[in-house]
Amino acid sequence: MATPAREGFAATAKQYWSLTKPRVVALIVFTALVGMFLAVPGLPPLRESVLGFLGIWLAASSAAAINQLLDSRIDAKMARTAWRPIVVGQITPAKALVFALALAVLSMAILVAWVNAVTAVLTFASLIGYAVVYTVFLKRATPQNIVIGGIAGAAPPLLGWAAVTGMQGEWDWPHALLLVLIIFVWTPPHFWALAIFRREDYARALVPMLPVTHGVAYTRWQILFYTVLLVVVSVLPVVFGMSGLFYLGGALVLGLVFLAYAWKLMDPPDEFFAMKVFNYSIVYLMALFAFLLLDHWLQPVAAMEFAPA
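Description of the structure in this document. (Residues numbered from 1 in each chain as written. Predicted model: local features only at pLDDT ≥ 70, side-chain atom pairs only at ≥ 80, totals over all residues. Heavy atoms only, no water.)

Further remarks concern the overall build of the protein. Regarding its fold elements, the protein presents 15 helices and zero strands. The C-alpha atoms of the protein give 20 Å as radius of gyration, which agrees with the globular expectation for 309 residues (19 Å, within 12%). Dimensions of the protein, computed from C-alpha atoms along their principal axes, come out at roughly 70 × 50 × 45 Å. Across the 309 residues in the protein, those meeting the buried criterion constitute 51%. The long-range fraction of contacts in the protein, counting pairs at least 24 apart against all pairs at least 6 apart in sequence, stands at 75%. Split by element, the accessible area of the protein, about 14,700 Å² in all, is 73% carbon and sulfur. Seen as two clouds, the 18 positive and the 13 negative side-chain charges of the protein have centres 12 Å apart. (Helix = DSSP H or I, 4+ residues; strand = E, 2+ residues; numbered from the N terminus. Rg over C-alpha atoms; globule rule 2.2 N^0.38 Å. Buried < 20%, exposed > 50% of the residue type's maximum accessible area, 1.4 Å probe, protein only. Contact = heavy atoms within 4.5 Å. Areas by Shrake-Rupley, 256 points an atom, 1.4 Å probe, with all protein chains shown as cover. Lys, Arg positive; Asp, Glu negative; His and termini not counted. Charge placed at Lys NZ, Arg CZ, Asp CG, Glu CD.)

Structure, rendered in structure tokens:
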């Protein structure tokens, strides 16, 4: 039987856990993990993989907590975020700041001491880019906030790649940056679909999201444009020799479905369809990176099967 002390600890732990945006961070660290596996022919080195994954996860969690701290006044005006622990007073701003800084310091210590300096620098730059540059400046300054700020959010595959290679190989930067480019182009249609559905929230919070400043019709066209661009960008790993036909088939199928969603969004059947586009975009990115990983493992098998006896 749980005691009041244990129940209180569990409730507090849950509040701090929600401060890290665990579902968002899960997608981030998944793409970082895929970056680690794509960086080397076989299995990545165990120590760098585990500690790199931990360091990147802690940094992403820190950035999420800082984002909630700095956005608490905006979050209080939006139905989607009004439940967050700082907004409702479950966690004080001071405690949230200490928690976020502790995660950041621990992350950097792990990456510098046991992974490599390149990963630490790139991870720190990504943390500052999202938690400070995007949250403090871009989000409030321009309707292109999510496009420009998307650079920081697209970095995780590069961070994972750097963790296991130190970016010393000839093709490390080009190949890792291709993965970054995919997420960078994916971000606008992903987030603008949500922004269409939540445009009244953003307007009430005075956040200049594209549907608020330029209207829903214009945003729908932008989503369609970026989705077409995403389909093109998603085949570049094949063009540059990173991936093979298995990935190409998966990428094209996923991309065509995304295009169908974006096209239907031009004249949606109901107001909730934008959220269906948003939800599919998450499935799309996870599945696309899963195809990258599976194709990476299948290529050596295929080479062995077709090698001359």
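Bringing the layout of surface pockets into the picture now. Roughly 170 Å³ of volume is contained in the second largest pocket. Lining the second largest pocket, in full, are Leu38, Ala39, Val40, Pro41, Trp161, His175, Gly241, Met242, Ser243, His296 and Gln299. Partitioning the lining of the second largest pocket into residue classes produces six nonpolar, five polar and no charged. (1 Å grid on protein atoms, 1.4 Å probe; cavity = no way out; pocket = protein on both sides within 12 Å on 5 of 7 lines; lining within 4 Å. Points joined across faces, edges and corners; volume = space filled by probe spheres on them. Nonpolar A, V, L, I, M, F, W, Y, C, P; charged D, E, K, R; others polar.)

Moving on to unusual backbone geometry. One non-glycine residue, Lys21, lies in positive phi territory at about 50°. Summarising the element assignment, Lys21 is placed in the loop between α1 (4-19) and α2 (22-38). Even without being a glycine, Leu206 presents a positive backbone phi close to 60°. Residue placement: Leu206 occurs in the loop between α10 (199-204) and α11 (210-213).

Considering the arrangement of structural elements, one finds Trp171 in the loop between α8 (156-165) and α9 (172-197). Along the backbone, Trp171 and Met242 are 71 residues apart, and their C-alpha atoms lie at a distance of 9.8 Å.

This part is about the pattern of salt bridges. What the rule picks out here adds up to seven salt bridges. Two residues, Asp75 and Arg84, come together in a salt bridge whose shortest N-O distance is 3.1 Å. Taking the shortest distance from any N to any O, the salt bridge between Arg198 and Asp201 comes out at 3.9 Å. When its relative accessible area of 25% is taken as the criterion, Arg198 is described as partly exposed. (Salt bridge = Lys/Arg side-chain N within 4 Å of Asp/Glu carboxyl O.)

The next point concerns the packing of aromatic side chains. Pairs of aromatic rings are described using the distance from one ring centre to the other and the angle between the two planes. For the structure on display, the rule yields 13 aromatic pairs. Look at Trp17 and Trp57: their rings are 6.4 Å apart centre to centre, the planes differ by 50°, and that puts the pair in the tilted class. Linking Trp17 in helix α1 with Trp57 in helix α3 (residues 46-70), this pair joins segments that are 40 residues apart in sequence. We classify Trp17 as partly exposed; its relative accessible area is 46%. Judged by relative accessible area, Trp57 falls into the partly exposed class, the value being 28%. Through successive ring pairs, a cluster of aromatic residues spans Phe258, Tyr261, Phe273, Tyr280 and Tyr284. (Phe/Tyr/Trp six-rings, centres within 6.5 Å; stacked < 30°, edge-to-face > 60°.)

Within the secondary structure, Leu288 sits in helix α15 (residues 273-305). Under the relative-accessibility criterion, Leu288 is labelled buried at 0%. Sequence spacing of Leu288 and Trp173 is 115 residues, and the spatial spacing of their C-alpha atoms is 20 Å. Once you skip the residues sitting within four places of it in the chain, Leu288 turns out to touch Ile182, Ser234, Tyr247, Ala251 and Leu254.

Here we take up helix α7 (residues 145-153). Along an α-helix, residues three or four apart share an orientation, since each turn contains 3.6 residues. Every buried residue of α7 is listed here: Asn145, Ile146, Val147, Gly149, Gly150 and Ala152. The secondary structure elements touched by the buried residues of α7 are α6 (117-141), α8, α9 and α12 (216-234).

Counting 77 residues, the largest nonpolar core has Trp161, Trp186, Tyr202, Tyr284 and Phe289 as its most contacted members. Here this core takes 14 residues from α9, the largest share from any one element. Not counting residues within four places of it along the chain, the set of residues in contact with Trp161 comprises Gly35, Met36, Leu38, Ala39, Gly166, Met167, Asp172, His175, Ala176, Leu179 and Met242. Ala65, Ala96, Ala100 and Ala104 belong to the second largest nonpolar core, which has 14 residues in total. (Core = buried A, V, L, I, M, F, W, Y, C linked by side-chain atoms within 4.5 Å.)

On the surface, Leu70, Phe124, Ile128, Val132, Val133, Val136 and Phe137 cluster together to form a nonpolar patch covering roughly 540 Å² of accessible area. It is α6 that provides the largest number of residues to the nonpolar patch, a total of six residues. If you trace the backbone, Val133 turns up in helix α6. Given the relative accessible area of 37%, Val133 is considered partly exposed. (Patch = residues over 30% accessible without salt bridge, like charges linked within 9 Å, V, L, I, M, F, W, Y side chains within 5 Å.)

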